[in-house]
Amino acid sequence: MTQKLFTKNFILLILGQLTSLFGNFILKLALSMYVLEVTGSAAIFAGILSVATIPTIILSPLGGILADRADRRNIIVALDALTGISVLCATLLLAERNDLVVISVLLIILSVLGAFETPTVQACIPTMLQGDNIMKGNAVVNQVASLSYLVAPMLGGVLYAMFGLKPVMYASVGCFFLTALFECCIKLSYQRPQSKGGVLSVVKQDFLSSMQYISKEQVSISKMLLLTAFSRFFVMGITIVGLPYIVRTVLGFHAQYYGAAESALAVATILGSVAAGLLTTKLRIHRLSILLASMGIFMIPVGIAFLCPVNPMIKYVITVVSLCGMQVAISIFSIFAVSLIQQRTPNHLIGKVMAYTSTITLCVQPI
């Protein structure tokens, strides 16, 4: 009997992810705009955000251990409720004399909570779904994230312009509490694992067992982690650093052109997620080389355009179209890679292995 993709548990998880991501995006947009207005420097908020990612990188492996040791449903409910409470407290404490301090502390707290939530959510998917539905489920999650990234900044910008920072923060609080409410209705089977020794002994044992699994028993997982990190490094370097430099500095276009390019990339990510879901039965590990090669092939027209004496607008269009093609390819590759890792990892190790995935990806970002 074929398992349904949109089970009650999975629908509730998707609704929770939708409200949680929406709340996160509008919150960070409003905070960045507020810091820019107060300080006149976008670099200050970027610096605060960069420092705030450090706890996520350090604590993600512990988050993976917790995801494999405790009830995953209870973890995500507690973390989203704590996120809502943290943002609510920050909103109430926010004043002109302490605004940057409160915002910095809030971002660090959100980073700590995110270190535990991300691997737990990723570990829930293979618990809810099986077989090819795991890849389809990851594709849906990716589509929801991309849709939130596309819509939330626009709505967040409008809300911030109309009402200011605090109302947007209250709206995000409502999103996080609504997420916790959705997640309360999820039902997952849970069997408490046996543990010997104290907390440090358990952490050490779990860490060593998971590292042995991916380095000796399933070497393909460690190779896939490195491939994912390398491809992310390549793509993120171009889209996050290269694209704004090309649009604003090299071509000399206004910010709205860069905004349009960012929106196009978000749409490309959604299309890549849809394609990954449709290609579930056709994608196999030996065909991943085609996706990786296509990322480089999509950059060839950009190089040719900048070597030839053509109109800047033509260069802009070719660059955006090529990067959108590359974004489609990396979306399909990332979804397949994560799904393969989830399928090949047993339930008692899935949280830890997914934590390594998010940690490696986060380490690549600042580089």
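Every value quoted in this text rests on a predicted model; they were computed, and no experiment measured them. (Residues numbered from 1 in each chain as written. Predicted model: local features only at pLDDT ≥ 70, side-chain atom pairs only at ≥ 80, totals over all residues. Heavy atoms only, no water.)

Student: Can you lay out the overall build of the protein chain for me, pointing to particular residues and giving the numbers?
Tutor: A count of helical and extended segments in the protein chain gives 13 helices and zero strands. Counted from the first residue to the last, the protein chain has its helices and strands arranged as α-α-α-α-α-α-α-α-α-α-α-α-α. Whereas a compact globule of 367 residues would reach a radius of gyration of roughly 21 Å, the protein chain reaches 21 Å, a difference of no more than 12%. Dimensions of the protein chain, computed from the C-alpha atoms along their principal axes, are close to 65 × 55 × 35 Å. Here the protein chain holds 367 residues, and the buried ones make up 47% of them. As displayed, the protein chain offers around 17,800 Å² of accessible surface, 70% of which is attributable to carbon and sulfur atoms. Counting 23 positive and 12 negative side-chain charges, the protein chain places the averaged centre of each group 10 Å from the other. (Helix = DSSP H or I, 4+ residues; strand = E, 2+ residues; numbered from the N terminus. Rg over C-alpha atoms; globule rule 2.2 N^0.38 Å. Buried < 20%, exposed > 50% of the residue type's maximum accessible area, 1.4 Å probe, protein only. Areas by Shrake-Rupley, 256 points an atom, 1.4 Å probe, with all protein chains shown as cover. Lys, Arg positive; Asp, Glu negative; His and termini not counted. Charge placed at Lys NZ, Arg CZ, Asp CG, Glu CD.)

Student: Break down helix H12 (residues 312-344) for me, with residues and values.
Tutor: Every α-helix carries 3.6 residues per turn, so stepping three or four residues along brings you back to the same face. Helix length check: H12, at 33 residues, gives a terminal C-alpha distance of 48 Å against a target of 48 Å (1.5 Å per residue), a fit within 8%. With 24 of 33 residues buried, H12 is to be regarded as a mostly interior element. (Expected span 1.5 Å × (residues − 1).)

Student: Requested: an account of the nonpolar core, with residues and values cited.
Tutor: One broad trend across soluble globular proteins is that nonpolar side chains are buried collectively. With 41 residues, the main nonpolar core has Ile 214, Ile 221, Met 224, Met 295, Tyr 316, Phe 333 and Ile 341 as its most contacted residues. If one sorts the elements of this core by residue count, H12 sits on top with 15 residues. When neighbours within four sequence positions are excluded, Ile 341 is seen to be in contact with Ile 221, Met 224, Leu 225, Ile 350, Val 353, Met 354 and Thr 357. Counting 23 residues, the second-largest nonpolar core is a separate cluster that includes Ala 52, Ala 90, Leu 110 and Met 169. (Core = buried A, V, L, I, M, F, W, Y, C linked by side-chain atoms within 4.5 Å. Contact = heavy atoms within 4.5 Å.)

Student: Please set out the packing of helix H8 (residues 219-250) against H12 residue by residue, giving values where relevant.
Tutor: Interhelical geometry of H8 versus H12 gives an angle of 160° and a closest axis separation of 10 Å. Between H8 and H12, the angle falls in the class roughly antiparallel. Remark: the crossing between H8 and H12 carries left-handed chirality. (Axes fitted to C-alpha atoms, helices over the stretch in contact; angles between N-to-C directions. Parallel < 35°, antiparallel > 145°, perpendicular 65-115°, else oblique. Left-handed = near helix turned anticlockwise from the far one by under 90°.)

Student: Break down the side chain of Thr 83 for me, citing the residues and quoting the values.
Tutor: Following the sequence through the fold, Thr 83 ends up in helix H3 (residues 72-93). Look at Thr 83 and you get buried, because its relative accessible area is 6%. Within the structure, the side chain of Thr 83 is placed 2.7 Å from the backbone oxygen of Leu 79, a separation counted as a polar contact. Contacts of Thr 83, omitting those with residues within four sequence positions, involve Leu 110, Leu 113 and Phe 176. (Polar contact = N/O pair within 3.5 Å; in protein donor to acceptor, adjacent residues only side chain to side chain.)

Student: Describe the packing of aromatic side chains, with residues and values.
Tutor: Following the criterion strictly, the structure yields five aromatic pairs and no others. Ring centres of Phe 207 and Tyr 356 lie 6.3 Å apart, and the angle between their planes is 90°; this geometry places the pair in the edge-to-face category. With Phe 207 in helix H7 (residues 199-217) and Tyr 356 in helix H13 (residues 350-364), the pair connects residues that are 149 residues apart, well separated along the chain. For Phe 207, a relative accessible area of 38% puts it in the partly exposed group. Considering the side-chain rings of Tyr 257 and Tyr 316, the 5.5 Å spacing of their centres and the 90° angle between planes classify their relative orientation as edge-to-face. One end of the pair, Tyr 257, is in helix H9 (residues 255-278); the other, Tyr 316, is in helix H12, and 59 residues separate them in sequence. Pairwise contacts between aromatic rings join Phe 253, Tyr 257 and Tyr 316 into one cluster. (Phe/Tyr/Trp six-rings, centres within 6.5 Å; stacked < 30°, edge-to-face > 60°.)

Student: Describe the pattern of salt bridges, naming the residues involved and giving the relevant values.
Tutor: Two side chains that carry opposite charge are able to pair once their charged atoms sit near each other. Across all of its chains, the model carries four salt bridges by this definition. Residue Asp 68 pairs with Arg 72 through a salt bridge whose shortest N-O separation is 3.0 Å. Across the salt bridge formed by Asp 68 and Lys 352, the nearest N and O atoms sit 2.9 Å from each other. Pair noted here: Asp 68 is in helix H2 (residues 42-69) and Lys 352 is in helix H13, with a separation of 284 residues, a long-range link. Assigned by exposure class, Asp 68 and Lys 352 land together as buried. (Salt bridge = Lys/Arg side-chain N within 4 Å of Asp/Glu carboxyl O.)

Student: Any details on helix H5 (residues 132-163)? Residues and values, ideally.
Tutor: Helix length check: H5, at 32 residues, gives a terminal C-alpha distance of 45 Å against a target of 46 Å (1.5 Å per residue), a fit within 8%. The largest bend in H5 is about 30°, located at Ala 152, with the proline Pro 153 one to four residues further on. Following H5 by one or two positions, Gly 164 has its phi on the positive side, about 95°. (Bend = angle between axes of the 7 residues up to and from the residue.)

Student: Can you tell me about the side chain of Ser 111, naming the residues and giving the values?
Tutor: Along the chain, Ser 111 turns up in helix H4 (residues 99-128). With residues near it in sequence (within four places) discarded, Ser 111 still touches Ala 52, Thr 53, Pro 55 and Thr 56.

Student: Can you explain the packing of H3 against helix H6 (residues 165-184)? Please cite residues and give values.
Tutor: Axes are the key here: two packed helices are described by the angle between their axes and the distance separating the axes. In contact at an axis separation of 8 Å, H3 and H6 are set at 165° when each is read in the N-to-C sense. By the angle between their axes, H3 is roughly antiparallel relative to H6. Considering only the axes of H3 and H6, their crossing is left-handed.

Student: Give a description of the environment of Val 38 that names residues and reports values.
Tutor: Along the chain, Val 38 falls in helix H1 (residues 8-39). Taking the relative accessible area as the measure of exposure, Val 38 reaches 44% and is therefore partly exposed. In the structure, Val 38 is positioned 179 residues away from Glu 217 in sequence and 53 Å away in space, judged by C-alpha atoms.

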